[in-house]
Amino acid sequence: MAYKRNIDRLPIIPAGAKEHNVTCHYCIVGCGYKAYTWPLKTQGSTETNWIGEDLSKQQGAMTEAWYSPSMYNVVKQNGQDVHLVIKPDVNCAVNGGLGSIRGARMAENRRSDQRGTQQQRLTDPMVWRYGTWQPTSWEDALDLVARVTARVIDKDAEDDLYVSMFDHGGSAGGYENTWGTGKLYFGAMKVKHCRIHNRPAYNSEVHSSRDMGVDELQYNYADYEKTDTIVLVGTNPMECQTNLFLNHMVPGMRNGARVVIVDPRRTVTVKACEEVAGEKNVLHLQITPGSDVALFNTLFTEIAAKGWVDRDFIEKSTFRGEEPAVPAGSAQPAALGSFEAALAACQMSLADGAKATGLSEAQIVQAAEWIAAPKDGARRKCVIGYEKGLIWGNDNYRAIGSLLNIGLATGNVGREGGGCCRLGGHQEGYFRPSDAHVGRPAPYVDQLLIAGGGKVHHIWANDHFKTTLNASQFKRIYNRRSQMVKEAMDAAAGRPRAELVDAIVSAVNAGGIFSVCVDIIHSQIGQAAHVILPAVESGEMNLTSMNGERRLRLTEKYMDPPGSARPDCLIAAGLAQALERVLREEGRDAYADQFKGFEWKTEEDAFMDGYASANTDVTYERLRAMGTNGVLEPVVGFKDGKLIGTERLYADGVFTRHGREDGKALFSLGEWRGWQAPGKAQQQASHRFLINNGRANMNWQNWFLDQGNDFVMDRFPVPFIQINPEDMAELGLKPGDMVEVFNDVGATQALAYPEPTARRNETFMIFGAPNGAQGNIVNPGVNELILPNYKHTWANIRKISDATPASARVSYKSWEVAL
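Residues numbered from 1 in each chain as written. Predicted model: local features only at pLDDT ≥ 70, side-chain atom pairs only at ≥ 80, totals over all residues. Heavy atoms only, no water.

With respect to the overall build of the protein chain
Here is step 1: Summing up its helical and strand segments, the protein chain has 26 helices and 29 strands in all.
Here is step 2: Taken over C-alpha atoms, the radius of gyration comes to 26 Å for the protein chain, in line with the 28 Å a tight globule of 819 residues would show.
Here is step 3: Projecting the C-alpha coordinates of the protein chain onto the three principal axes gives extents of approximately 80 × 70 × 65 Å.
Here is step 4: When the 819 residues of the protein chain are sorted by exposure, 65% land in the buried category.
Here is step 5: Put simply, of all contacts in the protein chain between residues at least 6 apart along the chain, 77% involve residues at least 24 apart.
Here is step 6: Carbon together with sulfur atoms contributes 49% to the accessible area of the protein chain, which is approximately 28,000 Å² in total. (Helix = DSSP H or I, 4+ residues; strand = E, 2+ residues; numbered from the N terminus. Rg over C-alpha atoms; globule rule 2.2 N^0.38 Å. Buried < 20%, exposed > 50% of the residue type's maximum accessible area, 1.4 Å probe, protein only. Contact = heavy atoms within 4.5 Å. Areas by Shrake-Rupley, 256 points an atom, 1.4 Å probe, with all protein chains shown as cover.)

Here it is, written out as structure tokens:
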């Protein structure tokens, strides 16, 4: 990669270089960047350049007149080699010119034939033939997929088609691509056996928040700068939402905001907050893992007892009936109703809360004061951010509901300097037809696949092998089922297409599965696939998405995709057209008619057919004009050449996410009930170590592009597991030793990484790694609505080997390095 080439100079961006709006496609923060492209063998000079500065003179410390080797590459544009620079936009309100360790490497992570980067990208469709994957044309590949799929589905009978698909924006999603896949599977068809890229069912991660009437993304990032208290729950923003932390939370702390952090693990966020705000203004509630509901219910009880609630807000904007507005049932794991009903149901004393959480009563009281006690005679402003540590933790529905109870009770939803929002992983870009036919609870797709369900499986930007529960068993069975079809295809080699399809259908009827994988690289689950379709990502197509404060932007296409790769929306359109043709050949015209309306030529056609049909003020042209600052959704108009957005939701005190006509927010009546997901208590009792998991700053999601980046792989050739040094000594481990992590579900491997801040018997392992899937040891237990508890698993650890040459080179300094 570029950083290893000892580059001492880079080409100067010339005046007149093409400038493109770019939103970083990694995390939900959505930092604004500018991409510059210009012809090869040309560049600017110290006198004449893109920024109009005299570059022969020393630039100031905060100058934007520079870029690093990681921000540079040579790519194809309209078939020609061009220079590419992607650098942070200093005028973007999100990041103010800051670049994260991920976003600032966007350019070097583009595919380049000139510089040899990202050569693992898929370039052409492939079909399993003659014992391997053979390149082929789109027409051939889509025809095979359509013919096999058509044989196992019929009008109103599509249960044998299983679909795994993204629901996000950023790199693989966006409004264009979620609409394309959604129109195909929820519009033309009514597929109910669906799952989302990071969980084994088609469901929301925040059911309770939405059922209470509150969208999970309702504030403005600027609210962190205007608040009195920042509460962070199950999230590590310094690591995972870096520029949200640096550009918004840090200014808030410098303006006097205190910080409450709820996390069993001491993270770099805790240390950074102490450095900025001072230790006396940071309260780290290092709770017993899984006890979030107990903590929030105790805080709710204490805040109400002290009278620190917003009575006016409660009277005007929340449900006031005596009976529950929504009783508990299969679709709602806790009843929903009034403030008084919630207080009675959730009542928890300081003593009981302290016992359940492992905190002192004084810590809980202090947290309640910092969250809700009046400041200078006025109501305290408090903004709450939560993420995967809560969402993918214990008792999802009640955990999120109990936290939102605090935000509602204190009147901090819809208020400047307030909010109760998830911080997010990836960006959003969801626009699809109704998924009501899927049902609630949604089918647990991965367990159904293990049990032999499904005959055809369409996979869009998913890799269940790395990111599912019970992954060891899933991989074994999925490989066996897909191998049955591979053997049938091998036996039918050289026969006409109709006979090949017959052979495949016979194999799936006997228990096999026909697997179709749409992705940008050859993923691990793709190794089991029979047809592989190459997709494009951000920058290789025009793509719209919104960030964690609902900021909608257009990332403009600045380079060609590799080979014949296509946007997901156009792949979906091509598959719909192929299905229509095959169904008509078979005389099923009524069913074929459902696949009309996919005559898109570009991604903009898909955008106009979907998102723009419901948001008529929004067009590509208008989004381009809004630049990297975009517009905060929902868009409410267009005036004076600008789209008009919404600074924050619910400023009028009317709550609508639940769809109730009264517009009143509901409180959660969910009491603390200990471990909820089946198998957690037994696993905890049978194994020594908690195996917590999450992300590291330089990696993202499932390492999909990191695998081709030496900068990342040299740092972590194998996923690490942070272990307390005393535990390591008892296990006979040295830094970098390879360990096996094993339990009653499966096993995986990792590098032993000593971390003095880790508590005894509590470890932390990086999630989604290609050569050490933490999901191998996560049991299949989920909540009632099939939300996974990835965060709580227990296992034992043993040494496999001494440090390998690759791991011996790794630095094992503490994350909390002394400065």
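Read on for the rest.
What about a negative patch on the surface?
Here is step 1: Among the surface-exposed residues, Glu47, Glu53, Asp54 and Glu64 lie close enough to one another that they form a single negatively charged patch.
Here is step 2: The exposure class of Glu53 is partly exposed, given its relative accessible area of 36%. (Patch = residues over 30% accessible without salt bridge, like charges linked within 9 Å, V, L, I, M, F, W, Y side chains within 5 Å. Salt bridge = Lys/Arg side-chain N within 4 Å of Asp/Glu carboxyl O. Lys, Arg positive; Asp, Glu negative; His and termini not counted. Charge placed at Lys NZ, Arg CZ, Asp CG, Glu CD.)

A look at the domain arrangement of the protein chain
Here is step 1: Looking at the protein chain, the domain boundaries give domain 1 (18-109), domain 2 (126-198 + 432-546 + 551-594), domain 3 (207-427) and domain 4 (680-809).
Here is step 2: The C-alpha centroid of domain 3 is placed 39 Å from the C-alpha centroid of domain 2.
Here is step 3: In this complex, domain 2 contributes eleven residues to the contact, which on the side of domain 3 involves eleven residues.
Here is step 4: Between domain 2 and domain 3 the total buried area reaches about 830 Å² when both faces are included, carbon and sulfur atoms providing 46% of it.
Here is step 5: Broken down residue by residue, the surface that domain 2 buries against domain 3 is led by Asn198, Arg440 and Met546, which jointly contribute 62%.
Here is step 6: Our enumeration of links across domain 2 and domain 3 arrives at one salt bridge.
Here is step 7: Asp211 is the partner of Arg440 in a salt bridge, and the nearest nitrogen-oxygen pair spans 2.4 Å.
Here is step 8: Here domain 2 is connected to domain 3 by four residue pairs in polar contact (both at pLDDT 80 or more).
Here is step 9: Here the side of domain 2 that touches domain 3 is composed, by residue class, of two nonpolar, six polar and three charged. (Domains from an automatic or database assignment. Buried area = accessible area lost by both parts, 1.4 Å probe. Polar contact = N/O pair within 3.5 Å; in protein donor to acceptor, adjacent residues only side chain to side chain. Nonpolar A, V, L, I, M, F, W, Y, C, P; charged D, E, K, R; others polar.)

Some details on the packing of helix H8 (residues 292-305) against helix H10 (residues 339-346)
Here is step 1: As a packed pair, H8 and H10 sit with axes 9 Å apart at the nearest point and diverge in direction by 125°. Relative to H10, the element H8 is oriented oblique. The crossing of H8 and H10 is left-handed. Side by side, H8 and H10 meet where Asn297, Phe300, Thr301 and Ala304 of the first sit next to Phe339, Ala342, Leu343 and Cys346 of the second. (Axes fitted to C-alpha atoms, helices over the stretch in contact; angles between N-to-C directions. Parallel < 35°, antiparallel > 145°, perpendicular 65-115°, else oblique. Left-handed = near helix turned anticlockwise from the far one by under 90°.)

Points about the packing of H8 against helix H11 (residues 350-357)
Here is step 1: It is the contact of H8 with H11, at a shortest axis distance of 9 Å, that shows an interaxial angle of 160°. Between H8 and H11, the angle falls in the class roughly antiparallel. In the crossing of H8 with H11, the sense of the turn from one axis to the other is left-handed. For the pair H8 and H11, the contacting residues are Ala294, Leu295, Thr298 and Glu302 in the first and Leu350, Gly353, Ala356 and Thr357 in the second.
Here is step 2: Of the residues in the contact of H8 with H11, the class split is four nonpolar, three polar and one charged.

Some points on the state of the cysteines
Here is step 1: Within the structure shown, the criterion is met by zero disulfides.
Here is step 2: Among the cysteines around Cys273, which has no disulfide bond, Cys382 carries the closest sulfur, lying 13 Å off.
Here is step 3: The structure places no disulfide on Cys382, whose sulfur is separated from the nearest cysteine sulfur, that of Cys420, by 8.6 Å. (Disulfide = S-S within 2.5 Å.)

Looking at the pattern of salt bridges
Here is step 1: In the structure shown here, the tally under the stated rule is 64 salt bridges.
Here is step 2: Of the charged contacts, one joins Lys76 and Asp81 as a salt bridge, the two residues approaching to 3.2 Å between their closest N and O atoms.
Here is step 3: The exposure class assigned to Lys76 is partly exposed, which follows from its relative accessible area of 32%.
Here is step 4: With a shortest N-O distance of 3.1 Å, Lys375 and Asp228 are connected by a salt bridge. Taken together, the residues span a long stretch of sequence, with Lys375 in the loop between helix H12 (361-372) and strand S13 (382-386) and Asp228 in the loop between helix H4 (223-226) and strand S9 (229-233) at a distance of 147 residues.

Overview of helix H7 (residues 268-277)
Here is step 1: In terms of burial, H7 is largely enclosed, as seven of its ten residues are buried.
Here is step 2: Residues of H7 that are buried include every one of Val268, Thr269, Val270, Ala272, Cys273, Glu274 and Ala277, and no others.
Here is step 3: As for H7, its buried residues are in contact with S9, helix H5 (237-240), helix H6 (242-254), strand S10 (258-262) and strand S11 (282-285).
Here is step 4: Once H7 ends, the next one or two residues include Gly278, with phi positive near 95°.

A short note on the sheet that holds strand S24 (residues 689-694)
Here is step 1: In spatial order, the strands read S24-S28-S25-S27-S26-S29; together these six strands close into a barrel with mixed pairing. With strand direction ignored, the average angle separating the axes of adjacent strands in the sheet is 45°.
Here is step 2: Inspection of the sheet shows S24 paired to strand S29 (residues 794-801) by two bridges, in the antiparallel sense. Residue pairing in the sheet places Phe689 in a bridge with Ala795 of S29. (Pairing = 2+ DSSP bridges.)

Some remarks on the sheet that holds strand S1 (residues 18-23)
What holds strands together in a sheet is hydrogen bonding between their backbones, with the strands either parallel or antiparallel.
Here is step 1: Ordered by their spatial adjacency, four strands build an open sheet running S1-S2-S4-S3, and the pairing between neighbours is antiparallel. Of all strands in the sheet, those bounded by a partner on one side alone are S1 and strand S3 (72-77). Across this sheet, the average inter-strand angle for adjacent strands is 35°, counted without regard to direction.
Here is step 2: The pairing of S1 with strand S2 (residues 32-39) spans six bridges and is classified as antiparallel. Note on S2: the bridge partner recorded for Thr23 is Gly32.

Focus on H10
Here is step 1: Residues of H10 that are buried include every one of Phe339, Ala342, Leu343 and Cys346, and no others. Viewed end-on, H10 has its buried residues packed into an arc of 100°, placing them on one side of the element.
Here is step 2: Buried residues along H10 sit against H8, helix H9 (311-317), strand S12 (336-337), helix H14 (396-409) and strand S23 (667-668). (Arc of directions from axis to C-beta.)

Comments concerning unusual backbone geometry
Here is step 1: In this chain, Arg440 is followed by Pro441 through a cis amide linkage whose omega measures 5°.
Here is step 2: Relative to the elements of secondary structure, Pro441 occurs in the loop between strand S14 (419-422) and helix H15 (445-450).
Here is step 3: Cis rather than trans, the peptide bond between Glu633 and Pro634 has omega equal to 0°.
Here is step 4: At Asp156, a position not held by glycine, the phi torsion is positive, near 65°.
Here is step 5: Taking relative accessible area as the criterion, Asp156 reaches 69% and is therefore assigned exposed.
Here is step 6: Even without glycine at this site, Ala461 takes up a positive phi of about 55°.
Here is step 7: Here Ala461 is to be found in the loop between strand S15 (456-460) and helix H16 (471-491).

Quick notes on the nonpolar core
Here is step 1: Core analysis: the largest hydrophobic core is formed by 227 residues, its most contacted members being Leu144, Leu184, Tyr185, Met189, Leu408 and Phe514.
Here is step 2: Counting residues per element, this core draws most heavily on helix H18 (residues 568-585), which supplies eleven residues.
Here is step 3: Excluding residues that lie within four positions of it along the chain, Leu144 makes contacts with Val127, Met489, Arg497, Leu500, Val501, Ile504, Phe514 and Val531. (Core = buried A, V, L, I, M, F, W, Y, C linked by side-chain atoms within 4.5 Å.)

Comments concerning the environment of Val618
Here is step 1: Looking at the element boundaries, Val618 is found in the loop between helix H21 (611-614) and helix H22 (620-626).
Here is step 2: Residue Val618 is classed as buried on the basis of its relative accessible area of 1%.
Here is step 3: For Val618 and Phe638, which are 20 residues apart along the polypeptide, the C-alpha to C-alpha distance reads 8.4 Å.

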